[in-house]
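# Chains, contacts and geometry: an overview
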Amino acid sequence: MWIYEKKLQYPVNIKYKNIEMAKYIITQLGGPDGELSAAMTYLNQRYTMPTNKAKALLTDIGSEELGHAEMIASMVYQLLKDATPEELKAAGLGSQYTQHDHAVFPCDASGVPWTASYIGILGDPVTDLHNDMAAEQKARSTYEHLINLTDDPDIIDALRFLREREVVHYQRFGEALMDVYDFSDCKKVY
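Within each chain, residues carry numbers counting from 1 in the order of the written sequence. Totals for whole chains, interfaces and linings use every residue, but because this is a predicted model, local features are given only for residues with pLDDT of at least 70 and side-chain atom pairs only at 80 or more, for both listing and counting. Neither water nor hydrogens contribute to the side-chain values; these are computed over all heavy atoms in the structure.

## With respect to the pattern of salt bridges
- Think of a salt bridge as a Lys or Arg side-chain nitrogen and an Asp or Glu carboxyl oxygen that are within 4 Å of each other. Overall, the coordinates contain eight salt bridges when judged by the stated rule.
- Ionic pairing is found between Asp33 and Lys138, a salt bridge with its closest N-O pair at 3.4 Å. Note that Asp33 is positioned in the loop between helix H2 (27-30) and helix H3 (35-45) and Lys138 in helix H7 (residues 125-148), a separation of 105 residues in sequence.
- Judged by relative accessible area, Asp33 falls into the partly exposed class, the value being 29%.
- A salt bridge links Glu175 to Arg172, with the nearest nitrogen and oxygen atoms 3.2 Å apart. One end of the pair is Glu175 and the other is Arg172, both in helix H8 (residues 153-187) and three residues apart, which spans about a single turn.
- Relative accessibility thresholds used throughout: buried, under 20% of the residue-type maximum; exposed, over 50%; partly exposed, between the two (1.4 Å probe, protein chains only). The exposure class assigned to Arg172 is partly exposed, which follows from its relative accessible area of 36%. In DSSP terms, a helix is any run of H or I states spanning at least four residues, a strand is any run of E spanning at least two, and both are numbered starting from the N terminus.

What follows is the structure, given as structure tokens:
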């Protein structure tokens, strides 16, 4: 189903340790509006979509979101690289270090672990696609907030790429919604 290339979708080359930014950015991996939640949502919603176009789109975007999760994990890893236990503790990541050392663990910025309850699936194609459009806007907003929290050009570069992909996904979900409406009109479902 997938072909995996052993490279990130967009390069992440952070030169400077920044524990505080790692603590903020991790929310885009394991937070309720993060990439892992989006990937799991889209890859599972596709089964109840009535058109092949909508199914294919959810497969494509869900797969891309997994690539975004990989980028976020790489960013967090690079930002924490060589941090001492004392530095992690001072930044409020002492419990992270206690349980996971320097490993990247999916959680939000407050340390709350990722949970499957973040997956948004109702089973109604129209409702689910509206939810997906809202999710992309929330992710876009979060990336903008993260960009506002740093002046590191390496971090900003990767975050801008991810933000722009959220805009494209929003547009594509709008197209899928129109496709589902057209299909529904033909079937007189609604």
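Having seen the structure, we can now continue with the description.
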